[in-house]
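Chain by chain, the residues:
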Amino acid sequence: KEPDQRIQLSRNSTDPEPRRAPHGRNASAPDRLRVPSHLTPYAGMRVAMRLLPETPGTAPLDYALVNVLSRFSTYEGIIRIPYAIMGVSSVYLIYRLGSRWFGHSSGLVASGLAAVSTAHIFYSQSIRCYSLGMLMMLLIADSYDRAFNNGEKRAGVKLVIYSSLAVLNQFFSL
């Protein structure tokens, strides 16, 4: 097995040869974000928001939303408001779809369960792509139902738009 190839700078400034760092806590971590202590929390949040789009494997819609919101305010509570609205909208769409497919009482039960679900509440108040993803999936289901069961042409266009936005939000939507 080859030794770790990461390089750690020597503590001795006269030593010209860099030493190889072992695995473990002494190994260098170039991916670790270190914000200087003299920065305010707001400046640290701005730095983190600039680094978010560089995260591999994620789709850009959620990061674009955070970027737009951060131009108005870097206060965390303001940025969380649209995600909370998406969570509440998801509960309403669950009621609407459940009522249409299974009846009024089933729609109420399903939306009530979603409203008290700890996972739904957690992700609706965090600045992550999951509440937007759930809203997009519910909008896709609603548009699909309207397009293919009711024959609405406008719903077919909405289906394509919501599906495209869902893929831009999270690649798992494929």
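A. Representation of the overall build of the protein. Scanning the protein for helices and strands turns up seven helices and two strands. For the protein, the N- to C-terminal ordering of α and β elements is β-β-α-α-α-α-α-α-α. Expressed as a percentage of its 174 residues, the buried residues of the protein come to 30%. Counting contacts in the protein only where the partners sit at least 6 residues apart, residues at least 24 apart contribute 49% of the total. Carbon and sulfur atoms make up 62% of the accessible area of the protein, which totals about 12,200 Å².

B. View of the confidence of the model for the protein. Across the protein, the average pLDDT comes to 77, with 67% of residues at or above 70. When pLDDT is averaged over each helix and strand of the protein, the minimum, 45, is found for strand S1 (residues 7-8) and the maximum, 95, for helix H4 (residues 104-116). Considering only residues more than four positions removed or in separate chains, one finds that residues 4-13, a stretch of pLDDT under 50, has 22 contacts. Segment residues 18-33: pLDDT under 50, and 27 contacts once partners within four positions in sequence are set aside and those in other chains are kept.

C. Region of the structure containing the nonpolar core. Counting residues in hydrophobic clusters, the biggest one holds 19 residues, and the most contacted among them are Met-136 and Leu-139. Secondary-structure elements contributing two or more residues to this core are helix H2 (60-72), helix H3 (76-102), helix H6 (130-149) and helix H7 (153-169). Apart from residues no more than four positions distant in its own chain, Met-136 is found in contact with Tyr-162, Leu-165 and Ala-166.

D. How the structure looks around the packing of aromatic side chains. For the structure on display, the rule yields four aromatic pairs. A ring pair is formed by Tyr-123 and Tyr-130, whose centres lie 4.8 Å apart and whose planes are at 70 degrees; its orientation type is edge-to-face. Given a relative accessible area of 34%, Tyr-123 falls into the partly exposed group. Aromatic ring contacts, followed pair by pair, group Phe-122, Tyr-123 and Tyr-130 into a single cluster.

E. Here's a closer look at a nonpolar patch on the surface. Judged by side-chain polarity, Tyr-75, Ile-78, Ile-81 and Ile-85 come together as a nonpolar surface patch covering roughly 380 Å² of accessible area. Judged by relative accessible area, which is 44%, Ile-81 ranks as partly exposed.

F. The packing of H2 against H3, seen in detail. Viewed as axis vectors pointing N to C, H2 and H3 meet at an angle of 130 degrees, and their least axial separation amounts to 8 Å. With respect to each other, H2 and H3 are oriented oblique. Residue-level inspection shows Asp-62, Leu-65, Val-66, Leu-69 and Ser-70 of H2 in contact with H3, the latter providing Ile-79, Pro-82, Tyr-83 and Met-86. Taken together, the residues of the contact of H2 with H3 break down into seven nonpolar, one polar and one charged.

G. Geometry of the side chain of His-120. With respect to the helices and strands, the residue His-120 is situated in helix H5 (residues 118-124). When near neighbours in sequence (up to four residues on either side) are disregarded, His-120 contacts Gly-87, Ser-90, Val-91, Ala-114 and Met-134.

H. Molecular detail of the pattern of salt bridges. All chains considered together, the criterion is met by six salt bridges. Residues Glu-76 and Arg-80 are paired through a salt bridge, measuring 2.1 Å at the closest nitrogen-oxygen approach. With a gap of four residues between them, Glu-76 and Arg-80 both fall in helix H3, about one helical turn apart. Using a relative accessible area of 36% as the deciding quantity, one classes Glu-76 as partly exposed.

Conventions and cut-offs
For every chain, the first residue of the written sequence is number 1, and numbering continues from 1 along that sequence. The model is predicted, so local features are restricted to residues of pLDDT at least 70 and side-chain atom pairs to those at 80 or more, both for listing and for counting; the totals for chains, interfaces and linings are taken over all residues. No hydrogens and no water enter the side-chain calculation; it runs on all heavy atoms of the structure. Numbering goes from the N terminus for both helices and strands, where a helix is a DSSP run of H or I of at least four residues and a strand is a run of E of at least two. Only protein chains enter the area calculation, which uses a 1.4 Å probe; residues under 20% of their type maximum are buried, those over 50% are exposed, and those in between are partly exposed. Contacts between residues were defined by any pair of non-hydrogen atoms, one from each residue, lying within 4.5 Å. The protein chains shown are the only cover counted for residues, whose accessible areas, like all others here, come from Shrake-Rupley with a 1.4 Å probe. Known as pLDDT, the predictor's per-residue confidence is scaled from 0 to 100. Nine residue types can take part in a nonpolar core, namely buried Ala, Val, Leu, Ile, Met, Phe, Trp, Tyr and Cys, and a core is a set of them joined through side-chain atoms within 4.5 Å. Two rings from Phe, Tyr or Trp (for Trp, the six-membered ring) form a pair when their centres are within 6.5 Å of each other. A pair whose planes differ by under 30 degrees is stacked, one over 60 is edge-to-face, and the rest are tilted. The patches described consist of residues with a relative accessible area above 30% and no salt bridge, like charges being joined within 9 Å and nonpolar side chains (Val, Leu, Ile, Met, Phe, Trp, Tyr) within 5 Å. Only one rule defines a salt bridge in this text: a Lys or Arg side-chain nitrogen within 4 Å of an Asp or Glu carboxyl oxygen. Axes here refer to lines fitted to C-alpha atoms; in helices the fit is confined to the stretch in contact. Angles between the N-to-C directions go from 0 to 180 degrees. In this scheme, roughly parallel covers angles under 35 degrees and roughly antiparallel covers those over 145, while 65 to 115 is roughly perpendicular and the rest are oblique. Residue type decides the class: Asp, Glu, Lys and Arg count as charged, Ala, Val, Leu, Ile, Met, Phe, Trp, Tyr, Cys and Pro as nonpolar, and the leftover types, Gly among them, as polar.

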